[in-house]
Amino acid sequence: MTKRLLILEDGTIFEGKAFGAPVAVTGELVFSTGMTGYQESITDQSYNGQILTFTYPLVGNYGINRDDYESITPTCKGVVVSENARLANNWRNQMSLDEFLKAKHIPGISGVDTRALTKIIRQHGTMKATLTDSKDSIQHLQDQLRATVLPTNNIEQVSTKTAYPAPGVGKNIVLVDFGLKHSILREFSKRNCNVTVVPYHTTAEEILHLNPDGVMLSNGPGNPEDVPEALEMIRGIQGRIPIFGICMGHQLFSLANGAKTFKLKFGHRGFNHAVREIATGRIDFTSQNHGYAVDRDTLPDDLIVTHEEINDKTVEGVRHRRYPAFSVQYHPDAAPGPHDGDYLFDEFLEMIDAFQQNQA
């Protein structure tokens, strides 16, 4: 087995076994606490530019299948595991994790003490890291890592370049793609919606010309402040069309209404995050993948907090007081993760019905 190094910005070095593509990469090092769902996580575009560490000790044991893609071309930088299962066993299995990563040009490293690595990230926060097989001196590799500037155009990299349809016979939904997961499309398909997916920089006027019944603001990677054009679009449609935002969409919706966001120390990434609905006290276990959060202290009077994270009390949902618009920080579409929050898609469609009745 080829030796591969994981070099952290703080100087820590982990040595492990190479699998996946034989390429060197640098990205933001993060961890996910999910016990399953590695294929969905790797193909989630919200991991664009990141080296993804799985805290669960065994990854790859059920292989890769055709049904669990959240995007066709994943853009995470690398994968870190404690143990990569060399033999996958599942009736849906079509290839191994190693074969999949090679096909997608993503390097992996196994044999890493991911528990120790996660403790470092929790203590010091997310940081830059490099995966490499290079024989160069450690000092040279560390100097290269420190000199690397990570890109900030993450959403531009993953958003669709042209609009495309996901046909249905029901309500007409415009889905703004900031790095969407296919599971969002699946939820609308279950409800017979006619969906048009549009690029992240689509203007309010262009969206209105599509005559939507509602607009979905998707999940996506990076810092929400890096796409100011989306804020103008949101201001241009809210009050005129019902809006539902997820994850990045939630942050952008909040920014558009005057709130601010901040970067979390190590983010929320996993499928076991407990969220409380404030009005009812209902507890949902949720799927999450974000490094930024909405600052509760900066929320304007127009936005009311509807959900909060139980552990750190961060804002997990807001609703507009005057307009038919709401958003959540977590992923009600799950995939992977619990489906406790999928009722929000029904609430969105009910909001559309109520808005149209009021306009009649």
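Read on for a plain summary of the structure. (Residues numbered from 1 in each chain as written. Predicted model: local features only at pLDDT ≥ 70, side-chain atom pairs only at ≥ 80, totals over all residues. Heavy atoms only, no water.)

### Some remarks on the overall build of the protein
Here is step 1 of the chain: When helices and strands are tallied, the protein shows 10 helices and 19 strands.
Here is step 2 of the chain: Its C-alpha atoms put the protein at 70 × 45 × 40 Å along the principal axes.
Here is step 3 of the chain: Within the protein, contacts between residues separated by at least 24 positions form 74% of all contacts whose residues are at least 6 apart in sequence.
Here is step 4 of the chain: With an accessible surface of roughly 15,300 Å², the protein has 49% of that area assigned to carbon and sulfur atoms. (Helix = DSSP H or I, 4+ residues; strand = E, 2+ residues; numbered from the N terminus. Contact = heavy atoms within 4.5 Å. Areas by Shrake-Rupley, 256 points an atom, 1.4 Å probe, with all protein chains shown as cover.)

### So, helix α3 (residues 114–124)
Here is step 1 of the chain: Of all the residues in α3, the buried ones are Thr114, Leu117, Thr118, Ile120 and Ile121. The buried residues of α3 all sit within an arc of 155° when viewed along its axis, so they share a single face. Facing away from the buried side of α3 by over 90 degrees, the exposed positions are Arg115, Lys119 and Gln123.
Here is step 2 of the chain: Backbone geometry just after α3 places Gly125 at a positive phi near 90°. (Buried < 20%, exposed > 50% of the residue type's maximum accessible area, 1.4 Å probe, protein only. Arc of directions from axis to C-beta.)

### Thoughts on the nonpolar core
Here is step 1 of the chain: One finds Val176, Phe178 and Leu217 to be the most contacted residues of the largest nonpolar core, which totals 31 residues.
Here is step 2 of the chain: Dropping the residues within four chain positions of it, Val176 is found in contact with Val198, Pro199, Tyr200, Ile207, Val215, Met216, Leu217, Ser218 and Met233.
Here is step 3 of the chain: Within the second largest apolar cluster, 24 residues are counted, among which are Leu175, Ile184, Cys247 and Phe345. (Core = buried A, V, L, I, M, F, W, Y, C linked by side-chain atoms within 4.5 Å.)

### Section: the sheet that holds strand β6 (residues 78–80)
Here is step 1 of the chain: Strand order around the closed barrel formed by 7 strands is β1-β2-β8-β6-β4-β3-β9, with mixed pairing between neighbours. Taking the axes of each pair of neighbouring strands and ignoring which way they run, one obtains an average angle of 35° across the sheet.
Here is step 2 of the chain: Where strand β1 (residues 3–8) meets strand β2 (residues 13–20), 5 bridges bridge the pair, whose relative direction is antiparallel. If you follow Lys3 over to β2, its bridge partner there is Lys17.
Here is step 3 of the chain: Together, β1, β2, β3 (25–32), β4 (50–54), β6 and β9 (127–132) form the strand contacts of α3, whose direction differs from that of β3 by roughly 95°. (Pairing = 2+ DSSP bridges. Axes fitted to C-alpha atoms, helices over the stretch in contact; angles between N-to-C directions.)

Structural measurements only, silent on function.
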